[in-house]
Amino acid sequence: MRASVAICTHNRAVDTMQAVESVLKGDTDPADYEILVVDNHSTDHTRDLFDSSHMPEHVRYIFEPQLGLSYARNRAIKEAKGEFILFLDDDALACPTWINEVIKIFDMDSRIGCVGGKIVPIWEGGRPEWIPQDIVSLYTLMDFSEKVVEMPAPSIPFGANVAFRVSIFEKLEPFREDLGRVGTNLMSSEESELISRVRQEHKVFYSPYAVVEHKIAKSRLTKRWLLRRVYWQGISDATRYKKSAWGVFKHTIRIVQAALLIVISFNNVQKVMSEMAKISYRNGTIVGSFRNGRGLNT
């Protein structure tokens, strides 16, 4: 078997089934892949909907009781029977050639350990004009190159559309379980941390032809959600890099600078939002620095 497609989900039953259907409608021979639906302790009707959908034999339901996206992804890696494991978000839709295009990149070179692809947004109700271009990628959008290329550090694929050669996990630890989302928190950085370790011995590639569409719900199209997302990114980075509280003074200075720029740019909604995001990120980094070592996700 060439590929294991992992869809890790928490309380998104309908979206998850749509993600599964998008893969099943693809061009890849069913004998060449499996789909793993990893239910990360959902409290909705995910299991019931899966059972009533009469999925083909190569679609497997797996219940992961430990809440946390990294736990679910690591369970998928353990369960995978394919040469490659392809992660698809539960609110994403795979284009018909997605699996074949990912495998094609891995087959180019045995040293390629990670492959990412293009992520196209489906904005529910349209993209708000206040979202700054410099942070729009926080909505998990990816358009890195118009051709197949190796991704230089620090560029990385995003988790809505990322794949790994399964054999690399014989030597590498998988996703760090103190990083990544747990329930409703927005902890992140588990992908970037893992890919940074993959890069030490393997290549990371991007393909614009391995496309998925990412649904962006209206609930995320608020300033509050975006600032909360950036705040948790700050906590995530402080946890990943084990930043200490000694950097508080530096972050405080940057917060003051951003606040002054907000006053100066009060009539430019995108500029104001960009600076507010910087303040939220710095606040998150400060909080994460003080909380470091406490095991936010353990």
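Each chain has its residues counted from 1, following the order in which its sequence is written. Two thresholds apply to this predicted model, a pLDDT of at least 70 for residue-level local features and 80 or more for giving and counting side-chain atom pairs, whereas whole-chain, interface and lining totals are computed over all residues. Side-chain descriptors were evaluated using all non-hydrogen atoms of the structure, hydrogens and water having been removed beforehand.

Visitor: Hey, could you go over the overall build of the protein for me, with residue numbers and the actual values?
Guide: A count of helices and strands for the protein gives 8 helices and 9 strands. Classification of residues uses two cut-offs on accessible area relative to the type maximum, computed with a 1.4 Å probe and protein chains only: under 20% is buried, over 50% is exposed, and between them is partly exposed. When each of the 298 residues of the protein is scored for burial, the buried share is 53%. The contact criterion used throughout is that any non-hydrogen atoms of two residues lie within 4.5 Å. Long-range contacts, defined here as pairs at least 24 residues apart, represent 80% of the contacts in the protein between residues at least 6 apart. For the area figures, the Shrake-Rupley method with a 1.4 Å probe applies, and any residue is considered shielded solely by the protein chains shown. Of the roughly 14000 Å² of accessible surface on the protein, 53% is carried by carbon and sulfur atoms. A residue counts as positive if it is Lys or Arg and as negative if it is Asp or Glu; His and the chain ends are not included. Lysine's charge is taken at NZ, arginine's at CZ, aspartate's at CG and glutamate's at CD. Put simply, the protein has 38 plus and 37 minus side-chain charges, and the middle of one group is 9 Å from the middle of the other. Secondary structure counts use DSSP, requiring at least four H or I residues in a row for a helix and at least two E residues in a row for a strand, with both numbered from the N terminus.

Visitor: Could you give me a rundown of the packing of aromatic side chains, with the residues and numbers involved?
Guide: Where two aromatic rings form a pair, the distance of their centres and the angle of their planes describe that pair. Aromatic pairs are defined between Phe, Tyr and Trp rings, using the six-membered ring for Trp, whenever the two ring centres lie within 6.5 Å; interplanar angles under 30 degrees are classed as stacked, those over 60 as edge-to-face, and all others as tilted. Following the criterion strictly, the structure yields 10 aromatic pairs and no others. Pairing Phe87 with Phe175 gives two aromatic rings, centres 5.7 Å apart and planes at 85°, and the pair type is edge-to-face. Linking Phe87 in strand β4 (residues 84-88) with Phe175 in the loop between β8 (161-165) and α5 (190-198), this pair joins segments that are 88 residues apart in sequence. Exposure class is identical for Phe87 and Phe175. Each is buried. Aromatic pair Tyr139 and Trp225: ring centres 5.3 Å apart, planes at 20°, arrangement stacked. Of this pair, Tyr139 sits in the loop between β6 (112-123) and β7 (149-150) while Trp225 sits in helix α6 (residues 223-240), and the two are 86 residues apart along the sequence. The same class applies to Tyr139 and to Trp225, which are both buried. An aromatic cluster is built from Phe87, Phe164, Phe169 and Phe175, whose rings are joined through pairwise contacts. The positively charged end of Arg73 is found above the aromatic ring belonging to Phe87, 5.7 Å away from the centroid. Lysine and arginine charges are scored as sitting over a ring when NZ or CZ, respectively, is within 6 Å of the ring centre and within 35 degrees of the ring normal. For Arg73, the ring lying beneath its charged end belongs to Phe175, and the centroid distance is 5.2 Å.

Visitor: Quick one: what's the story with unusual backbone geometry, residue by residue and with numbers?
Guide: For the bond running from Ala153 to Pro154, omega is 10°, close enough to zero to count as cis. You can see Pro154 is positioned in the loop between β7 and β8. The backbone phi angle of His54 is positive, close to 50°, even though this residue is not glycine. Along the chain, His54 falls in the loop between α2 (46-52) and β3 (59-63). Here His54 falls in the exposed class, since its relative accessible area comes to 70%.

Visitor: I'd like a rundown of the state of the cysteines, residues and numbers included.
Guide: Note on terminology: a disulfide is the covalent bond linking the sulfur atoms of two cysteines. Disulfides are defined as pairs of cysteine sulfur atoms found within 2.5 Å of each other. Taken as a whole, this structure holds 0 disulfides when the rule is applied. With no disulfide partner, Cys8 has as its closest neighbouring cysteine sulfur the one in Cys114, 15 Å distant. With no disulfide of its own, Cys95 has Cys114 as its nearest cysteine by sulfur position, at a separation of 19 Å.

Visitor: Hey, could you go over the confidence of the model for the protein for me, with residue numbers and the actual values?
Guide: Any segment with low pLDDT has predicted coordinates that should not be analysed in fine detail. Within the protein, residue pLDDT values average 90, and 94% of them lie at 70 or more. Counting interchain partners and residues more than four positions distant, the pLDDT-below-50 stretch residues 293-298 has 15 contacts. Every residue is assigned a pLDDT by the predictor, reflecting its confidence on a scale from 0 to 100.

Visitor: Explain the environment of Thr43 to me, using residue names and the numbers behind them.
Guide: Assignment of secondary structure puts Thr43 in the loop between β2 (33-39) and α2. Residue classification places Thr43 among the exposed positions, given a relative accessible area of 65%. Distance in space between the C-alpha atoms of Thr43 and Ile216 is 22 Å, their sequence separation being 173 residues.

Visitor: Lay out the nonpolar core in plain terms, naming residues and giving numbers.
Guide: In this text, buried Ala, Val, Leu, Ile, Met, Phe, Trp, Tyr and Cys residues form a nonpolar core when linked through side-chain atoms within 4.5 Å. Phe87, Trp98 and Phe164 are the most contacted members of the largest nonpolar core, which has 61 residues in total. Considering each element in turn, this core owes the most residues, 6 residues, to helix α4 (residues 98-106). In contact with Phe164, other than residues within four places in its own chain, are Glu83, Phe84, Ile85, Phe87, Phe106, Gly113, Cys114, Phe169, Phe175, Leu194, Ile195 and Val198. Ranked by size, the runner-up nonpolar core spans 21 residues in total, among them Ile135, Ile216, Leu221 and Ile235.

Visitor: Break down the pattern of salt bridges for me, citing the residues and quoting the values.
Guide: Each reported salt bridge corresponds to a side-chain nitrogen of Lys or Arg within 4 Å of a carboxyl oxygen of Asp or Glu. The final tally for this structure, using the stated rule, is 20 salt bridges. We note a salt bridge from Arg47 to Asp51, for which the minimum N-O separation is 3.1 Å. With Arg47 and Asp51 both in helix α2 and 4 residues apart, the pair spans about one turn of that helix. Judged by its relative accessible area of 42%, Asp51 falls in the partly exposed class. Close ionic contact of Arg75 with Glu64 constitutes a salt bridge, the shortest N to O distance being 3.2 Å.

Visitor: Could you give me a rundown of the environment of Leu138, with the residues and numbers involved?
Guide: Along the polypeptide, Leu138 turns up in the loop between β6 and β7. Taking the relative accessible area as the measure of exposure, Leu138 reaches 17% and is therefore buried. Not counting residues up to four positions away in its chain, the partners in contact with Leu138 are Trp225, Leu226, Arg229 and Val230.

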